Amino acid sequence: MGSSYQESPPLLLEDLKVTIKESTLIFPSEETSERKSMFLSNVDQILNFDVQTVHFFRPNKEFPPEMVSEKLRKALVKLMDAYEFLAGRLRVDPSSGRLDVDCNGAGAGFVTAASGYTLEELGDLVYPNPAFAQLVTSQLQSLPKDDQPLFVFQITSFKCGGFAMGISTNHTTFDGLSFKTFLENLASLLHEKPLSTPPCNDRTLLKARDPPSVTFPHHELVKFQDCETTTVFEATSEHLDFKIFKLSSEQIKKLKERASETSNGNVRVTGFNVVTALVWRCKALSVTAEEEEETNLERESTILYAVDIRGRLNPELPPSYTGNAVLTAYAKEKCKALLEEPFGRIVEMVGEGSKRITDEYARSAIDWGELYKGFPHGEVLVSSWWKLGFAEVEYPWGKPKYSCPVVYHRKDIVLLFPDIDGDSKGVYVLAALPSKEMSKFQHWFEDTLC
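All values reported here derive from a predicted model rather than from experimental measurement.

**So, the nonpolar core**
Okay, so step 1: One finds F56, L72, F182 and Y395 to be the most contacted residues of the largest nonpolar core, which totals 130 residues.
Okay, so step 2: Setting aside residues up to four positions removed in sequence, Y395 forms contacts with F57, M165, L183, L186, A187, L190, H191 and P400.

**Points about empty space enclosed by the protein**
Okay, so step 1: On inspection of all chains with the given rule, the structure shows one cavity of 30 Å³ or more.
Okay, so step 2: Of the pockets and cavities examined, the largest cavity occupies roughly 50 Å³.
Okay, so step 3: Of the residues assigned to the lining of the largest cavity, the class counts are 10 nonpolar, one polar and no charged.

**Details of the sheet that holds strand β8 (residues 151–157)**
Okay, so step 1: Taking strand neighbours across the sheet as the criterion, the six strands line up as β2-β7-β8-β9-β4-β16 in an open arrangement whose pairing is mixed. Two strands bound the open sheet, and with one partner strand each, they are β2 (18–26) and β16 (402–405). This sheet shows a mean twist of 15 degrees between the axes of neighbouring strands, independent of strand direction.
Okay, so step 2: Note: β2 against strand β7 (residues 108–115), eight bridges, orientation antiparallel. If you follow E22 over to β7, its bridge partner there is T112.
Okay, so step 3: Across the face of the sheet, helix α2 (residues 65–79) comes into contact with β2, β7, β8 and β9 (163–170) while running at roughly 165 degrees to β8.

**A short note on the packing of helix α4 (residues 249–261) against helix α7 (residues 343–355)**
Okay, so step 1: Between α4 and α7, the least distance of the axes is 7 Å, while the angle of their chain directions is 95 degrees. Classified by the angle between their axes, α4 and α7 sit roughly perpendicular to one another. Residues L255, R258 and A259 of α4 touch α7, and the partners they reach there are F343, G344 and V347.
Okay, so step 2: For the contact of α4 with α7, a count of residues per class yields four nonpolar, one polar and one charged.

**Topic: a nonpolar patch on the surface**
Okay, so step 1: A contiguous nonpolar patch, built from V214, L371 and Y372 and spanning about 230 Å² of accessible area, is present on the exposed surface.
Okay, so step 2: For L371, the location among the structural elements is in helix α8 (residues 359–371).

**Details of the pattern of salt bridges**
Okay, so step 1: Going through the model one piece at a time under the given rule, you end up with 22 salt bridges.
Okay, so step 2: With a shortest N-O distance of 2.5 Å, D102 and R35 are connected by a salt bridge. Here D102, found in strand β6 (residues 99–103), pairs with R35, found in the loop between β2 and β3 (36–39); they are 67 residues apart in sequence, far enough to count as distant.
Okay, so step 3: For D102, a relative accessible area of 8% corresponds to the buried category.
Okay, so step 4: When its relative accessible area of 60% is taken as the criterion, R35 is described as exposed.
Okay, so step 5: We note a salt bridge from K180 to E184, for which the minimum N-O separation is 3.4 Å. With K180 and E184 both in helix α3 (residues 176–190), this residue pair falls four residues apart, about one helical turn.
Okay, so step 6: Overall, the relative accessible area of 14% leaves K180 in the buried class.

**With respect to the pairing of strand β17 (residues 413–418)**
Okay, so step 1: Here β17 lies mainly inside the structure; five of its six residues are buried.
Okay, so step 2: Note: strand β15 (residues 380–384) against β17, four bridges, orientation parallel. By the bridge assignment for β17, V382 is matched with V414.
Okay, so step 3: Inspection of the sheet shows β17 paired to strand β18 (residues 427–433) by four bridges, in the antiparallel sense. For F417, the partnering residue across the bridge sits in β18 and is Y428.

**Things to note about the side chain of T172**
Okay, so step 1: As for its position among the elements, T172 is in the loop between β9 and α3.
Okay, so step 2: Residue classification places T172 among the buried positions, given a relative accessible area of 0%.
Okay, so step 3: A distance of 2.6 Å separates the side chain of T172 from the side chain of N170, its partner in a polar contact.
Okay, so step 4: Not counting residues up to four positions away in its chain, the partners in contact with T172 are L40, D44, L47, N48, L90, R203 and N324.

**Focus: unusual backbone geometry**
Okay, so step 1: Following D210, the chain continues to P211 via a peptide bond in cis, the omega torsion being 5 degrees.
Okay, so step 2: Summarising the element assignment, P211 is placed in the loop between α3 and β10 (221–223).
Okay, so step 3: A cis amide bond links N314 to the next residue, P315, at an omega of 0 degrees.
Okay, so step 4: Structurally, P315 can be placed in the loop between β12 (300–308) and β13 (326–334).
Okay, so step 5: For K17, which is not a glycine, the phi torsion comes out positive at approximately 50 degrees.
Okay, so step 6: Topologically, K17 is positioned in the loop between β1 (4–6) and β2.

What counts and what doesn't
- Residues numbered from 1 in each chain as written.
- Predicted model: local features only at pLDDT ≥ 70, side-chain atom pairs only at ≥ 80, totals over all residues.
- Heavy atoms only, no water.
- Core = buried A, V, L, I, M, F, W, Y, C linked by side-chain atoms within 4.5 Å.
- Buried < 20%, exposed > 50% of the residue type's maximum accessible area, 1.4 Å probe, protein only.
- Contact = heavy atoms within 4.5 Å.
- 1 Å grid on protein atoms, 1.4 Å probe; cavity = no way out; pocket = protein on both sides within 12 Å on 5 of 7 lines; lining within 4 Å.
- Points joined across faces, edges and corners; volume = space filled by probe spheres on them.
- Nonpolar A, V, L, I, M, F, W, Y, C, P; charged D, E, K, R; others polar.
- Pairing = 2+ DSSP bridges.
- Helix = DSSP H or I, 4+ residues; strand = E, 2+ residues; numbered from the N terminus.
- Axes fitted to C-alpha atoms, helices over the stretch in contact; angles between N-to-C directions.
- Parallel < 35°, antiparallel > 145°, perpendicular 65-115°, else oblique.
- Patch = residues over 30% accessible without salt bridge, like charges linked within 9 Å, V, L, I, M, F, W, Y side chains within 5 Å.
- Areas by Shrake-Rupley, 256 points an atom, 1.4 Å probe, with all protein chains shown as cover.
- Salt bridge = Lys/Arg side-chain N within 4 Å of Asp/Glu carboxyl O.
- Polar contact = N/O pair within 3.5 Å; in protein donor to acceptor, adjacent residues only side chain to side chain.

Structure follows, in structure tokens:
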């Protein structure tokens, strides 16, 4: 049951030779009758940063990039009638001190560009090439810093006739599931069909209770004043090694079987849970203090991951809810237990983190955000793009060859990506760690699999 991992490709393009051809603003096709603001929930409030995704498409003779660009521009203009907040701007409400969206119709960004390479010359799309950032625009140079769009769409053509859709969104606008719905609605309009899922933009559905009531301890959250950093998402200046660990569907199946043998059956043994348990064990046992060679087994390790709460609330949120309907689940344990406990027990601890999030727990976490200024905090966050399904969206010119976020060096975040080779249940695990820790991570990865 050996693992396979991939070192940095020998020839990683550092410059994709991208030339910006046009950068403009686009606006909803229908003018709003009155200017309004959109409330942002306490979950949205802490996610004021940009998320960049790139969607690569093979050449299609019936849809040259110039035609695709014009079709996308027209569809996005129409789509913004339903997602009018995408044409707005973030602001701080002076009366409450909270972020909200001023739906002022100031416009979203639309950029057309061209690369001097073919799609094949880009190499392995799975490997997190920092140069992919050239396929996305976050800031429009023509606008001042305080008037930047929440949403910018860039289409970049390649010499072969293929192209990439690069999309930058402020995380307050979407979570992963609602962004997938957005892409499906975009595809519907491109197919000249009605929206597949009309969006629910009412963020007050996740408003804190009045008065707020924190009824659970929230070990996954930390107040700003109690933490040295300002966010779990901060990049680091130290040198990090990147490695990609590939798990096939067969390896994941065997991990699930092994976990089931030593599990008490209180939680479901899922593919996500076994992969997350594997990552947690490896990350916890790879961390050492600067003056130490070995891991302090008495140290407590905490793993975080996102859980969709749409179906966990009472009443349930509509599946079409556009905002961030995710909370941070956690598991914590001493490194000694992660070393010695059966693998099935570690999987159970991960699963218990998700099981913990009931309606009351979710409301308690939201109310915590009303009373305190803080954010999720732990030793490692597993960010899963594995089953979001961005590459399953069917556009008139076909499905993407691959869809991925633009990745930056963050040693506290381990990413899960879908397999590009057609193994729909396989996964790529992307880790970035200092060299010494990476060697240990790889050792424990192979040890756990064996």
